[in-house]
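Each chain is listed here by its residues.
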Amino acid sequence: MTGQRSDARRNYQRILAVAEAEVAAHGAEASLEQIARTAGVGSATVRRHFPTRRALLEAVFQERVEGLCERAHRLSATEDGRTALLEWLRALVRYAVSARGFANTLSYEPPAEEPSPHSCGDRIAAAGTPLLQRAVYDKAVAPHVTFHDLLTLAVGIALATEHHKDPEAQADRLFRLAVEGLSPEHGIAAVVTDDLPDRRS
């Protein structure tokens with residue numbers, strides 16, 4: 001029995017190591033069959049350890065998620081709530097840009113699916129939401145902004161820039177643009193919409 005448990009642990013670690021390399025090379029759509037072949041195990045063994053693709057991806061990115069959660073905890077001691085939130089969001093965007101497949105993992109689960117207890121998105125939300133709440137309390141962020149809004153923004157920036165020649169620089173530029181706004185001195189009221197075509201015609 002002990003030998004079987006040792007074999008299972010070795011298989012788990014071998015599959016995870018191969019999966020990390022495959023996801024880094026091919027992103028969230030890395031072939032599970034290829035992972036099994038490279039790890040020297042059957043597809044059933046991979047599924048036994050990782051019942052779904054999402055479970056495998058969450059295991060691959062576990063350390064990154066833990067790093068983001070720890071950073072959020074450290075930043076909670078920052079005096080300026082806005083600075084703390086933006087510094088953490090910038091780190092989230094950079095993590096998502098630098099690790100291929102990470103942004104897909106944060107947006108991979110269909111809304112109707114039962115969330116995993118170890119969901120990357122849920123853990124990141126639990127870590128980042130207090131930073132948002134503090135920034136809202138400080139009146140540095142509009143009260144209608146939700147953490148889902150911020151996560152969608154970060155994921156969108158990462159996915160939109162992943163094929164850019166300098167994805168990190170482009171992602172950072174888009175992040176600053178999102179924070180500063182298109183025309184912050186005028187606000188949303190300055191946006192002209194009268195010249196849009198009437199879709200009813």
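In this report, the structure presented in the accompanying data block is examined. (Residues numbered from 1 in each chain as written. Predicted model: local features only at pLDDT ≥ 70, side-chain atom pairs only at ≥ 80, totals over all residues. Heavy atoms only, no water.)

A look at the overall build of the chain
(1) Moving on: Check the secondary structure of the chain and you find ten helices and zero strands.
(2) Moving on: Across the chain, helices and strands are ordered from the amino to the carboxyl terminus as α-α-α-α-α-α-α-α-α-α.
(3) Moving on: Expressed as a percentage of its 201 residues, the buried residues of the chain come to 34%.
(4) Moving on: Within the chain, residue pairs in contact and separated by at least 24 positions form 67% of the contacts whose partners lie at least 6 positions apart.
(5) Moving on: In the structure as shown, the chain presents an accessible area of about 12,500 Å², 53% of it carried by carbon and sulfur atoms. (Helix = DSSP H or I, 4+ residues; strand = E, 2+ residues; numbered from the N terminus. Buried < 20%, exposed > 50% of the residue type's maximum accessible area, 1.4 Å probe, protein only. Contact = heavy atoms within 4.5 Å. Areas by Shrake-Rupley, 256 points an atom, 1.4 Å probe, with all protein chains shown as cover.)

A word on the packing of aromatic side chains
Given two aromatic rings, one states the distance between the centres and the angle between the planes to describe the pair.
(1) Moving on: One pass over the structure, following the stated rule, counts three aromatic pairs.
(2) Moving on: Taken together, a centroid distance of 5.9 Å and an interplanar angle of 40 degrees make the contact between tryptophan 88 and phenylalanine 147 tilted. Of this pair, tryptophan 88 sits in helix H6 (residues 81-98) while phenylalanine 147 is found in helix H9 (residues 147-161), placing the two residues 59 residues apart along the sequence.
(3) Moving on: A residue is classified by how much of its surface remains accessible, and tryptophan 88, at 0% relative accessible area, is buried.
(4) Moving on: The ring of tyrosine 95 is capped by arginine 64, whose NZ or CZ atom sits 5.5 Å from the centre of that ring. (Phe/Tyr/Trp six-rings, centres within 6.5 Å; stacked < 30°, edge-to-face > 60°. Lys NZ or Arg CZ within 6 Å of the ring centre and 35° of its normal.)

A short note on the nonpolar core
(1) Moving on: Counting 52 residues, the largest nonpolar core has Leu85, Trp88, Leu89, Leu92, Phe102, Leu106 and Ile124 as the members making the most contacts within it.
(2) Moving on: Ranked by residues supplied to this core, first place goes to H6 with ten residues.
(3) Moving on: What phenylalanine 102 contacts, discounting residues up to four positions off in sequence, is Phe61, Val65, Leu68, Leu92, Tyr95, Ala96 and Ile124. (Core = buried A, V, L, I, M, F, W, Y, C linked by side-chain atoms within 4.5 Å.)

Thoughts on unusual backbone geometry
(1) Moving on: The phi dihedral of lysine 139 falls on the positive side, at around 65 degrees, and the residue is not glycine.
(2) Moving on: Structurally, the position occupied by lysine 139 is in the loop between helix H8 (120-137) and H9.
(3) Moving on: Among the residues examined, lysine 139 registers a relative accessible area of 75% and is labelled exposed.

Focus: the pattern of salt bridges
(1) Moving on: Summed over all chains, the structure comprises eight salt bridges.
(2) Moving on: The salt bridge partner of arginine 54 is glutamate 58, with a shortest N-O separation of 2.9 Å. With arginine 54 and glutamate 58 both in helix H4 (residues 53-60) and four residues apart, this pair spans about one turn of that helix. (Salt bridge = Lys/Arg side-chain N within 4 Å of Asp/Glu carboxyl O.)

As for the environment of alanine 19
(1) Moving on: By secondary structure assignment, the location of alanine 19 is in helix H1 (residues 2-26).
(2) Moving on: On the basis of relative accessibility, which here comes to 0%, the residue alanine 19 falls in the buried class.
(3) Moving on: Distance in space between the C-alpha atoms of alanine 19 and threonine 38 is 9.2 Å, their sequence separation being 19 residues.
(4) Moving on: Not counting residues up to four positions away in its chain, the partners in contact with alanine 19 are Ile35, Leu56 and Val60.

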